[in-house]
Amino acid sequence: MTKPERTPSSFSVEIDEQPSKRRAVFSKAVQNLGSWHVVSVDDALALSSHHRRKVDDDSLRLIDDLTNRPLDPLFSDARLTQQKPHSEFSIWFTRIIVFIICIAVGFVGSVFVRQLNTDPRKQVRASLVSELQQQNTSLKKVTDEVTDLHSRVVKQADSMPDSGPDSTLTQDEMANGALAVKGPGIVFTLADPVASGAANGAGPRENGTSHIRVITDSDLQDIVNLLWKAGAEAISINGYRIGVSTSVRTAGQTILIGVNQVASPYKIEAIGNSKNLSQAMNSKSQPDLYRTLNAAGINPQVSRSYSLRLAAAEATKVTYAKRSK
């Protein structure tokens with residue numbers, strides 16, 4: 001009786017379908033690997049049978065792979081290989097490196113967030129404000145020198161025995177704002193309304209979240225024109241005299257009287273007949289003006305004064321205008 005030939009436990013794989021990697025041939029624990037096949041008693045009898053039919057079918061190959069090789073040998077090899085324990089030094093060294101990396105990433109992130117939160121316009125605005133202050137200081141120094149020289153010239157001219165005081169020239173200089181004057185008049189005061197979001201110290205012009213109406217250069221121009229119309233002879237805003245070449249304008253978020261910055265509250269002093277000026281600037285004479293300002297929360301105040309002193313306006317250099325004969 002011949003011994004029956006043992007059939008293989010799995011079908012052979014064709015050359016073009018073989019895996020690109022050999023399974024578990026490089027493992028140190030390859031000797032621990034084994035084959036686990038699910039074989040029933042009937043299958044064992046069938047294997048021992050001499051009349052087993054050989055079938056070359058792809059579906060049977062798939063069933064054979066799923067039954068006899070449910071796990072990838074590479075995965076089994078990784079499970080059988082014993083991992084070497086790490087030393088305490090390497091563990092602490094790794095922890096320290098990770099801690100340092102976390103601190104570095106946190107520091108860089110905080111610097112980046114802080115850089116994003118900074119407003120570059122503040123630095124530019126601060127630089128422009130500093131430069132403007134320096135220019136104003138230089139201009140004020142030159143203006144004081146010009147005023148001092150002018151006063152010396154006037155004093156020297158008055159001290160001359162042969163020439164008497166020219167009343168016409170004096171009147172013209174006072175009207176043009178070239179001389180300091182004093183006399184009765186009124187004080188017209190108005191201020192910006194208090195912003196609801198100005199608790200952080202920012203004014204209503206700098207607070208982008210408060211949509212309120214503030215006093216503009218147009219408001220000051222209208223009030224100055226009304227005072228001139230009412231008979232004012234000399235006007236100043238916050239101590240800066242309005243001369244023949246003095247402008248009231250806005251530069252950015254700041255109101256300028258000539259080249260001088262002014263801010264709320266605005267104190268407008270006018271020399272003239274105090275009674276006529278106060279009547280011309282009250283709420284009865286100017287109902288539209290008061291209605292507009294009161295609707296925005298601005299409450300003008302008019303007070304009479306029997307003695308006002310207004311400084312001279314800034315001197316202007318005449319370059320193109322010549323005296324006509």
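As shown above, the structure is provided for reference.
What comes next is a walk through the structure. Here the structure is a predicted model, which is why all the values come from computation and not from measurement. (Residues numbered from 1 in each chain as written. Predicted model: local features only at pLDDT ≥ 70, side-chain atom pairs only at ≥ 80, totals over all residues. Heavy atoms only, no water.)

Here we look at the sheet that holds strand 7 (residues 266–271)
For step 1, the next point in the chain: Taken in spatial order, the five strands line up as 3-2-7-1-8 in an open sheet, and their pairing is antiparallel. A single partner strand is all that each edge strand has here, and the edge strands are strand 3 (240–241) and strand 8 (301–310). (Pairing = 2+ DSSP bridges. Helix = DSSP H or I, 4+ residues; strand = E, 2+ residues; numbered from the N terminus.)

Structural notes on the packing of aromatic side chains
For step 1, the next point in the chain: Counted by the stated rule, this structure contains one aromatic pair.
For step 2, the next point in the chain: Here Phe89 and Phe93 contribute two aromatic rings whose centre-to-centre distance is 6.1 Å and whose plane-to-plane angle is 20 degrees, an arrangement assigned as stacked. Separated by four residues within a single helix, Phe89 and Phe93 lie in helix 4 (residues 88–117), roughly one turn from each other.
For step 3, the next point in the chain: Residue placement shows Arg95 over the ring face of Trp92; its charged tip is 4.9 Å from the ring centre. (Phe/Tyr/Trp six-rings, centres within 6.5 Å; stacked < 30°, edge-to-face > 60°. Lys NZ or Arg CZ within 6 Å of the ring centre and 35° of its normal.)

A look at the side chain of Asn136
For step 1, the next point in the chain: Topologically, Asn136 is positioned in helix 5 (residues 120–159).
For step 2, the next point in the chain: When neighbours within four sequence positions are excluded, Asn136 is seen to be in contact with Val259 and Gln261. (Contact = heavy atoms within 4.5 Å.)

What about unusual backbone geometry?
Backbone phi values are negative for most residues with the exception of glycine, while trans is the configuration of most peptide bonds.
For step 1, the next point in the chain: In this structure, Pro265 follows Ser264 across a cis peptide bond, with omega equal to 0 degrees.
For step 2, the next point in the chain: Along the chain, Pro265 turns up in the loop between strand 6 (260–262) and strand 7.
For step 3, the next point in the chain: Within the chain, Asn238 stands out as a residue other than glycine whose phi angle is a positive 55 degrees.
For step 4, the next point in the chain: On the secondary structure map, Asn238 appears in the loop between strand 2 (234–237) and strand 3.
For step 5, the next point in the chain: Here Asn238 falls in the partly exposed class, since its relative accessible area comes to 25%. (Buried < 20%, exposed > 50% of the residue type's maximum accessible area, 1.4 Å probe, protein only.)

Looking at the sheet that holds strand 6
For step 1, the next point in the chain: Read from one edge to the other, the open sheet built from three strands follows the order 4-5-6, with strand pairing classed as antiparallel. Two strands close off the open sheet at either side, each with one partner strand: strand 4 (248–251) and strand 6. The mean inter-strand angle of the sheet, taken between neighbouring strand axes irrespective of direction, is 45 degrees.
For step 2, the next point in the chain: Note that strand 5 (residues 254–257) and strand 6 share three bridges and pair antiparallel. Residue pairing across strands places Ile255 opposite Val262, the latter belonging to strand 6.
For step 3, the next point in the chain: Seen against the sheet, helix 7 (residues 217–230) touches strand 4 and strand 5 and runs at an angle of roughly 175 degrees to strand 4. (Axes fitted to C-alpha atoms, helices over the stretch in contact; angles between N-to-C directions.)

Examining helix 7
For step 1, the next point in the chain: With 14 residues, helix 7 ought to run about 20 Å at 1.5 Å a step, and its terminal C-alpha atoms sit 20 Å apart, in line with that.
For step 2, the next point in the chain: Listed as buried for helix 7 are Asp217, Asp219, Leu220, Ile223, Val224 and Leu227. One face of helix 7 carries all of its buried residues, which in axial projection span an arc of 160 degrees.
For step 3, the next point in the chain: At the C-terminal side of helix 7, Gly231 shows a positive phi close to 105 degrees. (Expected span 1.5 Å × (residues − 1). Arc of directions from axis to C-beta.)

Without other data, these values stay purely geometric and don't point to any function.
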